[in-house]
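# Descriptive structure summary
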Amino acid sequence: MRIEITTLPGDGIGPEVTAQAVRVLRVTAERFGHQLEVTEKNIGGAALLTSNDPLPQDTLRASLSSGAVLLGAVGGPAFDAYPPHLRPESGLLRLRKELGVFANLRPALSLRQLESLSPLRAEVVRGTDVLIVRELLGGLYFGDRSIRGEPGGRTAIDTMMYQEGQIERIARMAFELASQRRQHVTSVDKANVLDCSRLWREVVTRVGKDFPQVALSHMYVDAAAMALVSHPTEFDTVLTENMFGDILSDQAGAVVGSLGLLPSASLGGKVGLYEPIHGSAPNLAGQGIANPLGAVLSGAMLLRHSFQLEAEAGAIESAVQEVLAFGHRTRDLGGGENSVSTEGMGDLVSERVITART
Ligand code: IPM
Ligand code: MG
């Protein structure tokens, strides 16, 4: 099979971790007899510096015409003072919108060998296997916004908006995913305060009726944040709106040991978009110490969801687990003085993919 992808390394540690993900994809493709074709383009701050646009036309065109997009990270302190439409993050939001990827899947799995990295006690975190299904094209991220008035007396407005159709399609996706998992959807909202959440709850309940085999519970986001640290194993599939999902998924990263491990897939549109959930981590950039596993595992999700290559995706995931089981650690995983570098981790996973028995 021909696997044509566009990579958008972006800013900070983005290029370093993406390079390792591409290496792992390359050895996996080779091992299984596929042809991998990679086109690299700019996004975010990197694109601002070359073309004064965080999502250049050329990047969008390449993304839309490829089989999948693998993104590193965007943003950094150098761009803090840029006007909102010229911030690196706005390039990513536009890309999500142009691709039409409304469903952001963020799996967080606790691995036995990494339990000690969780700030939670091992017996609390053991067995955690959560899939956060985050709505990605609505809510506060895409509502009208403005800052009005004079300095000293200005008013800032961000609008949270959801249409029934937007809620319905993400709910359907979450129920379908839950049917393949442990048959439980927890829908997270703030229906005691927000109209958006009241509509959310109503629509999710309605969609749930089409999936009688899947249990549905509703939780307020504050209670969900608490439960995620006190009883993380009680969650299976968490369905939530854009900003709540952004917040809860970072929290889930900490719960299972490191944000550096978590991949994501954004689906439902023309082309799938895959990115680690961590940011550009400017403080780690350029030192070869960032953990590339979130990006590597995003590559596995890319093979699974955009190319239906389940065995290939599984080979990458097993290789990552084996490397960790052997005790190899990047700095964020508590490697200390024996930490493996970003590239070293890419080497280890690649070797495992090549030598593993299928
Ligand atoms: C994420 C990130 C992005 C988001 C930022 C970089 C715009 O935090 O993917 O979680 O908020 O969606
Ligand atoms: Mg985030």
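Keep in mind that what you see is a predicted model, and the values were worked out from it rather than measured.

Here the structure, examined in full by the defined rule, presents two cavities of 30 Å³ or more. Lining the largest cavity we find Met-160, Tyr-162, Val-188, Asp-189, Leu-194, Cys-196, Ser-197, Trp-200, Glu-241 and Phe-244. No other element matches helix H7 (residues 195–208), which puts three residues into the lining of the largest cavity. In terms of residue class, the lining of the largest cavity is built from seven nonpolar, one polar and two charged. A volume near 40 Å³ is recorded for the second largest cavity.

Extensive coverage of strand E8 (residues 184–189) is indicated by the burial of five of its six residues. Taken together, E8, H7 and strand E9 (residues 215–220) form a β-α-β motif whose crossover is right-handed. For E8 and strand E10 (residues 237–240), the ladder comprises four bridges, and the chain directions are parallel. Following the sheet pairing, Val-188 is matched in E10 by Thr-240.

Okay, unusual backbone geometry next. The phi torsion at Asn-52 lies on the positive side, around 60 degrees, for a residue other than glycine. Along the chain, the position of Asn-52 falls in the loop between helix H2 (44–51) and helix H3 (57–64). If you check the backbone angles, Ala-281 has positive phi at about 40 degrees while not being a glycine. Mapping Ala-281 onto the fold places it in the loop between strand E12 (272–274) and helix H10 (293–307). For Ala-281, a relative accessible area of 22% corresponds to the partly exposed category.

A few words now on helix H8 (residues 221–230). One turn of an α-helix holds 3.6 residues; hence residues three or four places apart share an orientation. Considered for burial, the residues of H8 that qualify are Val-221, Ala-224, Ala-227 and Leu-228. Taken around the axis of H8, the buried residues stretch over an arc of 115 degrees, which confines them to a single face. Buried-residue contacts for H8 involve E8, E9 and helix H9 (242–255).

Here we take up the domain arrangement of the protein chain. Here the domain parsing of the protein chain yields domain 1 (1–101 + 269–358) and domain 2 (106–256). Its C-alpha centre places domain 1 at a distance of 24 Å from the equivalent point of domain 2. Taken together, the contact pairs 13 residues of domain 1 with 14 residues of domain 2. Counting the surface lost from both domain 1 and domain 2, the interface buries some 1,300 Å², and carbon and sulfur atoms represent 71% of this. In this structure, the connection of domain 1 to domain 2 is made through zero salt bridges. Counting across the interface, domain 1 meets domain 2 through two residue pairs in polar contact (both at pLDDT 80 or more). Where the side of domain 1 that touches domain 2 is concerned, the elements lending two or more residues are helix H4 (88–99) and helix H11 (310–325).

With that settled, consider the layout of surface pockets. A volume near 640 Å³ is recorded for the largest pocket. In terms of lining residues, the largest pocket is bounded by 24 residues, among which Pro-107, Leu-109, Arg-181, Arg-304 and Glu-317 are the most central. Mapped onto the lining of the largest pocket, the elements with two or more residues apiece are strand E4 (103–109), strand E5 (129–135), H10 and H11. The residue inventory of the lining of the largest pocket, partitioned by class, reads 17 nonpolar, three polar and four charged. Viewed by domain, the lining of the largest pocket spans two of them, domain 1 (1–101 + 269–358) and domain 2 (106–256), each represented by three or more residues. Along its surface, the second largest pocket is lined by 22 residues, and Leu-92, Arg-96, Arg-134, Tyr-141 and Asp-246 are the ones closest to its centre. Listing elements by their share of the lining of the second largest pocket, those giving two or more residues are strand E3 (68–73), H4 and H9. Here the lining of the second largest pocket gets four residues from one element, more than from any other, and that element is H4.

Thresholds, definitions, all that
Residues numbered from 1 in each chain as written. Chains lettered and ligands numbered in written order. Predicted model: local features only at pLDDT ≥ 70, side-chain atom pairs only at ≥ 80, totals over all residues. Heavy atoms only, no water. 1 Å grid on protein atoms, 1.4 Å probe; cavity = no way out; pocket = protein on both sides within 12 Å on 5 of 7 lines; lining within 4 Å. Points joined across faces, edges and corners; volume = space filled by probe spheres on them. Helix = DSSP H or I, 4+ residues; strand = E, 2+ residues; numbered from the N terminus. Nonpolar A, V, L, I, M, F, W, Y, C, P; charged D, E, K, R; others polar. Buried < 20%, exposed > 50% of the residue type's maximum accessible area, 1.4 Å probe, protein only. Right-handed = clockwise from strand over helix to strand, strands pointing away. Pairing = 2+ DSSP bridges. Arc of directions from axis to C-beta. Contact = heavy atoms within 4.5 Å. Domains from an automatic or database assignment. Buried area = accessible area lost by both parts, 1.4 Å probe. Salt bridge = Lys/Arg side-chain N within 4 Å of Asp/Glu carboxyl O. Polar contact = N/O pair within 3.5 Å; in protein donor to acceptor, adjacent residues only side chain to side chain.

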